[in-house]
Amino acid sequence: MPTHRLPAVLLLHLLLSAALAAPLTDPNWEPATATWYGSPDGDGSDGGACGYGSLVDVRPLKARVGAVSPVLFRDGEGCGACYKVRCLDEGVCSRRAVTVIVTDECPGGYCSNGRTHFDLSGAAFGRMAVAGIGSELRDRGEIQVVYRRTKCKYARKNIAFHVNEGSTDYWLSVLVEFEEGDGDIGSMHIKPTSSEDWLEMKHIWGANWCIIGGPLKGPFSLKLTTLSTQRTLSARDVIPRNWSPKATYTSGLNFY
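In what follows, the accompanying structure is described. (Residues numbered from 1 in each chain as written. Predicted model: local features only at pLDDT ≥ 70, side-chain atom pairs only at ≥ 80, totals over all residues. Heavy atoms only, no water.)

1. With respect to the overall build of the protein
Then, in step 1: The helix and strand tally for the protein stands at four helices and 15 strands.
Then, in step 2: The proportion of buried residues among the 256 residues of the protein is 49%.
Then, in step 3: For the protein, the proportion of contacts with a sequence separation of at least 24, taken over those separated by at least 6, is 71%.
Then, in step 4: In the form shown here, the protein has an accessible surface area of approximately 13000 Å², with 52% of it arising from carbon and sulfur atoms. (Helix = DSSP H or I, 4+ residues; strand = E, 2+ residues; numbered from the N terminus. Buried < 20%, exposed > 50% of the residue type's maximum accessible area, 1.4 Å probe, protein only. Contact = heavy atoms within 4.5 Å. Areas by Shrake-Rupley, 256 points an atom, 1.4 Å probe, with all protein chains shown as cover.)

2. Things to note about the packing of aromatic side chains
Aromatic ring pairs are reported here in terms of the distance separating the ring centres and the angle at which the planes meet.
Then, in step 1: As enumerated under the stated definition, the model contains five aromatic pairs in all.
Then, in step 2: Ring centres of Tyr-154 and Phe-178 lie 5.6 Å apart, and the angle between their planes is 70°; this geometry places the pair in the edge-to-face category. Of the two residues, Tyr-154 sits in the loop between β6 (143-150) and β7 (160-163) while Phe-178 sits in the loop between β8 (171-177) and β9 (187-192), which places them 24 residues apart along the sequence.
Then, in step 3: We classify Phe-178 as buried; its relative accessible area is 10%.
Then, in step 4: Three or more aromatic residues joined by ring pairs form one cluster here, namely Tyr-83, Phe-118 and Tyr-147.
Then, in step 5: For Arg-149, the ring lying beneath its charged end belongs to Tyr-83, and the centroid distance is 5.6 Å.
Then, in step 6: Seen from the ring of Phe-178, Lys-157 lies directly overhead, with NZ or CZ sitting 4.6 Å from the centre. (Phe/Tyr/Trp six-rings, centres within 6.5 Å; stacked < 30°, edge-to-face > 60°. Lys NZ or Arg CZ within 6 Å of the ring centre and 35° of its normal.)

3. Concerning the sheet that holds strand β3 (residues 82-87)
The strands that make up a sheet pair up through hydrogen bonds in the backbone, lying either parallel or antiparallel.
Then, in step 1: Spatial ordering of the closed barrel is given by β1-β5-β2-β4-β3-β6, a layout of six strands whose pairing is mixed. The sheet shows a mean angle of 45° between the axes of neighbouring strands, direction not considered.
Then, in step 2: When strand β2 (residues 65-68) meets strand β4 (residues 98-105), the two strands line up parallel, connected through four bridges. Pairing of Val-68 across the sheet is with Glu-105, part of β4. (Pairing = 2+ DSSP bridges. Axes fitted to C-alpha atoms, helices over the stretch in contact; angles between N-to-C directions.)

4. Describing the nonpolar core
Then, in step 1: In terms of nonpolar packing, the biggest core is built from 36 residues, with Tyr-83, Val-85, Val-100, Phe-118, Met-128, Leu-137 and Ile-143 touching the most fellow members.
Then, in step 2: Sorting the residues of this core by element identifies β1 (30-37), α2 (70-73), β3, β4, β5 (117-121), α3 (122-126) and β6 as the ones contributing at least two each.
Then, in step 3: Among residues more than four places away in sequence, those in contact with Met-128 are Val-85, Arg-86, Cys-87, Val-92, Cys-93, Ser-94, Arg-96, Val-98, Leu-120, Leu-137 and Ile-143.
Then, in step 4: Judged by nonpolar contacts, the second largest core, of 24 residues, contains Val-176, Ile-185, Ile-190 and Trp-243. (Core = buried A, V, L, I, M, F, W, Y, C linked by side-chain atoms within 4.5 Å.)

5. Focus: the pattern of salt bridges
Then, in step 1: Considering all chains together, one arrives at six salt bridges under this definition.
Then, in step 2: For Arg-149, the salt bridge is made with Asp-184, and the minimal N-O distance between the two is 2.9 Å. Here Asp-184 lies in the loop between β8 and β9 and Arg-149 lies in strand β6, a separation of 35 residues in the sequence. Per residue, the accessibility class of Arg-149 equals that of Asp-184, and both read buried.
Then, in step 3: Because the salt bridges share partners, they merge into one network encompassing Asp-89, Glu-136 and Arg-140. (Salt bridge = Lys/Arg side-chain N within 4 Å of Asp/Glu carboxyl O.)

See the structure below:
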């Protein structure tokens with residue numbers, strides 16, 4: 001019986017489609033521990049190790065802030081990832097899981113020695129409790145929780161690129177904000193107006209990337225590849241020719 005082979009281009013297309021369709025969310029809950037920091041009903045850190053600055057104090061990040069141990073922080077490449085966290089003590093915990101966004105790292109104490117730990121904002125921690133007894137849950141200190149990865153969702157927000165202070169025509173540093181879906185970034189490339197090629201940017205810390213060269217002339221296109229599922233998105237000419245440090249430029253795109 002004769003066999004029929006798919007054309008190579010079609011086969012590649014099918015393989016890529018299957019990879020992109022792979023779910024990010026994991027139906028299985030994994031064990032971890034959790035504490036809280038900041039004020040009891042507050043938003044947690046002021047800025048944090050991901051570099052989001054004052055964004056942690058306003059919606060959509062407000063009250064959803066989470067610092068994580070190094071096994072989840074991944075030297076900053078875990079920044080922006082979203083998790084559902086649920087506590088287990090039936091006496092004070094509700095069945096409700098809280099969704100938190102990785103904005104900070106907790107490197108020591110409960111977070112050391114390879115532990116999987118969430119240090120949540122007071123507001124996020126209290127939301128896991130039965131209604132009205134959030135303070136009782138916070139009084140427990142360290143608690144046992146379960147967690148799982150979930151897709152990030154930012155209502156009516158597109159990916160934004162903040163040009164960091166100190167950027168010049170020879171050193172350009174960019175912070176990525178409001179990435180839906182995976183939330184994390186595995187690689188980032190830039191294409192200046194004078195280049196036909198995508199140039200690889202270097203991950204420097206948190207959710208910040210940079211390129212050294214120049215002179216670098218805008219407008220700049222930026223391409224993101226997620227860490228978790230290798231999805232790619234390109235924002236053409238998103239940073240204009242007359243860009244300036246400390247300015248934020250919003251694309252018309254996101255990973256929907």
